[in-house]
There are 2 protein chains.
Amino acid sequence: MTQADTRELRYFIAVAEERHFARAAARLGIAQPPLTRTIQKLERGMGVRLLERDSRGVRLTEAGTVLLREGRVALERVGAATRRAQRAGRTPATLVLAVKPGGDGGLLTEILAAHAAEPDAPDVDIVCVGAGEQAAAVRDGRADVALLHRPDADLTGLDREDLLVESQVALLPPHHRLSGHARIRVADLEDDPLPRWPDTAGELSGAGIREAGRLMQLILVGRLIAVGPESVRRYAWDGVACVPVVDAAPTTLALAWPEDSRSRAVSAFARVATAVASRHRDATVHEPGP
Amino acid sequence: MTQADTRELRYFIAVAEERHFARAAARLGIAQPPLTRTIQKLERGMGVRLLERDSRGVRLTEAGTVLLREGRVALERVGAATRRAQRAGRTPATLVLAVKPGGDGGLLTEILAAHAAEPDAPDVDIVCVGAGEQAAAVRDGRADVALLHRPDADLTGLDREDLLVESQVALLPPHHRLSGHARIRVADLEDDPLPRWPDTAGELSGAGIREAGRLMQLILVGRLIAVGPESVRRYAWDGVACVPVVDAAPTTLALAWPEDSRSRAVSAFARVATAVASRHRDATVHEPGP
DNA sequence: CGTCGTTACGTCGCCCGTAAATATG
DNA sequence: CATATTTACGGGCGACGTAACGACG
């Protein structure tokens, strides 16, 4: 035997992450002894030591480090395989699109309308996921395509089509010292608590930042500020100031899908989305302001 | 349960490929009944019908088609995870390079020498694989890096660095009607049996084309001809004519590795290889003749 | 002596193989 | 009636849990 099993991988990953057999067993909902045995058997089967058991815990060997990283993606692919097959069997066929609230660059309704107008277009299921999880949703098979922002999102294993380049704005409380400015710079914000919304929630996830309203609330009361693509303007509450950050690297709104996708529905949707985006770009170029 | 197991995936893939429970069971070395039960359980667990059992065989449903494709890569990743971890645990550390006989563009010895001269360079294990299997060897964890030719090789899931652009030559028997020509065109060859050596063995694998000597033998006796990058000249036997094919799309020799590789050894090797290749390019540009 | 990983042992369940049953052209 | 898949039944291996043991600070 040299081929690890999904159960063995799950168990090993739990131990490797917890660095503690007892905690890992609790997390897995089993007793410690089966865990010990499974890891031992895995090591014996592979002919390699994965964990260095020390009395005050567990350290990973070189091989263990590799198996932790590789095993995670392997399990993810197994889960993705089953989920994608499940969804392919559901009727009627639907296309699942992962978005983040407010992360559509204002294009979503237009794209959906254009897509629905296509002949034989499947229904589109929209799933809202937490900040920065759109790519993961596509990778693990929960979604077929995702709207996300580059370069914030990690696109490993995904193909993409760029839709829109957006400059960044800061969302500030009404009485913030910079609220009146016409434009500011990144350096101006370095003292403020800034979770780079809406792409990575940073360390503030405990506060429930995943919801846009919650975030606006916190901004209004001056507990934090946020920076995001200019399309978030439309979600800003009254009183929240939107000030362009002139030297922030622009982010690109992109549509992403699995790089080995052979789905006709996905490519059709991508074609429609790029068409809408390019129409949108032309419109803003030719009619700069009202 | 919604997460398939590796055993279930293996079994399903066997049935899906054979389109026949009995043959699949034989291939797996088990009896049919366990196969039937396993597939049923898999379908029940996923809540989707995967196979349409007809009296004269088995057809795949939409979901089954997806699971066949996705399940293959999932199993491959599981195998890759274990193999890579195994190799990471072996001491001393070695870097495994997959090449195809004669597919090194004449750079291999130079690259190996340059790499060995680096401080802390691991030993390089060279594994020769059949034509077109270098990428697969990297994907499934048998090798860390591969030398291969674009665009013949499928680089899905791999990162690469291009080393050398090579134009193509035809290898012809001594008395072939085109042997005396200084250059020919693709259209001139359309009547000849041509396995696009050495990248894809085509349908002739039964003849044992994997070995270069065998191929030369067949060419000499006039049983077939071959087309490949110009670096194969050095492997051509006496009497075999090498004639440039002027309108064949040039192929690019590239070094490839897993796109999520975080191995220091791989990146060091890639750096050395590109340096050697660029030196080589400069040399051939500045000294065109002998 | 408390913490943590391992070994021992008995039970239950899953997977397998053999044999019989069912559907279909 | 022949081919192919499914159901029925019994045996064995493997995974689990409880309990006892060993190593280390």
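Structure: above.
An account of the accompanying structure is given in this report. What you see is a predicted model, and the numbers here were worked out from it, not measured in a lab.

Points about the sheet that holds strand β10 (residues 251–258) of chain A
Note on sheets: strands pair through backbone hydrogen bonds, and any given pair is parallel or antiparallel. All names here are of chain A. Strand order in the open sheet formed by five strands is β4-β3-β5-β10-β6, and the pairing between neighbours is mixed. One side of each edge strand has no neighbouring strand; the edge strands of this open sheet are β4 (123–128) and β6 (158–166). Averaged over all pairs of adjacent strands, the angle between their axes in this sheet comes to 25°, without regard to strand direction. Here β6 pairs with β10 via eight bridges, running antiparallel. Following the sheet pairing, D159 is matched in β10 by W257.

Concerning the protein's contact with DNA strand C
Near DNA strand C, the surroundings consist of 21 residues, among which Q40 and R53 of chain A together with Y11, R37 and S55 of chain B are the closest. The sugar-phosphate backbone supplies 73% of the atoms of DNA strand C found within 4 Å of the protein. In this structure, a phosphate oxygen belonging to DNA strand C sits 3.4 Å away from a side-chain N or O atom of H20 of chain A. Of all elements in the fold, only α2 (21–28) and α3 (32–46) of chain A together with α1 (6–18) and α3 (32–46) of chain B reach the threshold of two or more residues within the surface near DNA strand C. At five residues, the largest contribution of residues to the surface near DNA strand C is made by α3 of chain B.

Topic: the relation of the copies chain B and chain A
Rotating chain B by 180° about the axis while translating it 0.0 Å along that axis superimposes it on chain A, leaving an RMSD of 0.1 Å. With respect to symmetry, the two chain copies, as superposed, fit the operation of a two-fold axis. A share of 100% of interface residues in chain B that are also interface residues in chain A marks the association as one of identical surfaces.

So, the environment of K41 of chain B
Residue and element names in this part refer to chain B. By the secondary structure assignment, K41 is in helix α3. For K41, a relative accessible area of 48% gives the class partly exposed. Considered as a pair, K41 and A4 are 37 residues apart in the sequence and their alpha carbons are 10.0 Å apart.

Describing the interface of chain B and chain A
Listed per partner, the contact involves 36 residues of chain B and 36 residues of chain A. Counting each side, the surface lost to burial between chain B and chain A is near 3000 Å², with a carbon and sulfur contribution of 60%. Looking only at chain B, the three residues that lose the most surface to chain A are Q3, E70 and Q86 of chain B, adding up to 16% of its buried area. Counting every contact that joins chain B to chain A gives 12 residue pairs in polar contact (both at pLDDT 80 or more). Mapped by element, the contributors of at least two residues to the side of chain B that touches chain A are α1, α3 and α4 (62–89) of chain B. Classifying every residue of the side of chain B that touches chain A by side-chain character gives 14 nonpolar, 12 polar and 10 charged.

Conventions used here
- Residue numbering note: each chain is counted from 1, following its sequence as written.
- Labels are handed out in written order, letters beginning with A for the chains and numbers beginning with 1 for the ligands.
- Only residues with pLDDT of at least 70 get local features here, since the model is predicted, and only at 80 or more are side-chain atom pairs given and counted; chain-wide, interface and lining totals rely on the full set of residues.
- Hydrogens and water are ignored here; the side-chain numbers use all heavy atoms of the structure.
- Strands are labelled as partners when DSSP assigns at least two bridges between them.
- Only DSSP runs of H or I covering at least 4 residues are called helices, and only runs of E covering at least 2 are called strands; the numbering of each starts at the N terminus.
- All axes here are fitted lines through C-alpha atoms, helices being fitted over the stretch that makes contact, and every angle between N-to-C directions spans 0 to 180 degrees.
- We define proximity as follows: a residue is near a molecule or strand when any one of its heavy atoms falls within 4 Å of that partner.
- N or O atoms closer than or at 3.5 Å make up a polar contact, with two conditions inside protein: a donor-capable atom paired with an acceptor-capable one, and, for residues adjacent in sequence, both atoms drawn from side chains.
- Least squares is the method for superposing the copies, and the C-alpha atoms it fits come from residues with pLDDT of at least 70 in both.
- In this description, contact between two residues means that some pair of their heavy atoms is separated by no more than 4.5 Å.
- Exposure is judged per residue with a 1.4 Å probe applied to protein chains only, and the accessible area is read against the type maximum: over 50% gives exposed, under 20% gives buried, and values in between give partly exposed.
- Simply put, the buried area is the total loss of 1.4 Å probe accessible area from both parts when two parts are fitted together.
- By the convention adopted, Pro, Cys, Tyr, Trp, Phe, Met, Ile, Leu, Val and Ala count as nonpolar, Lys, Arg, Asp and Glu as charged, and the other residues, Gly among them, as polar.

Bear in mind that shape data such as this cannot, by itself, settle questions of function.
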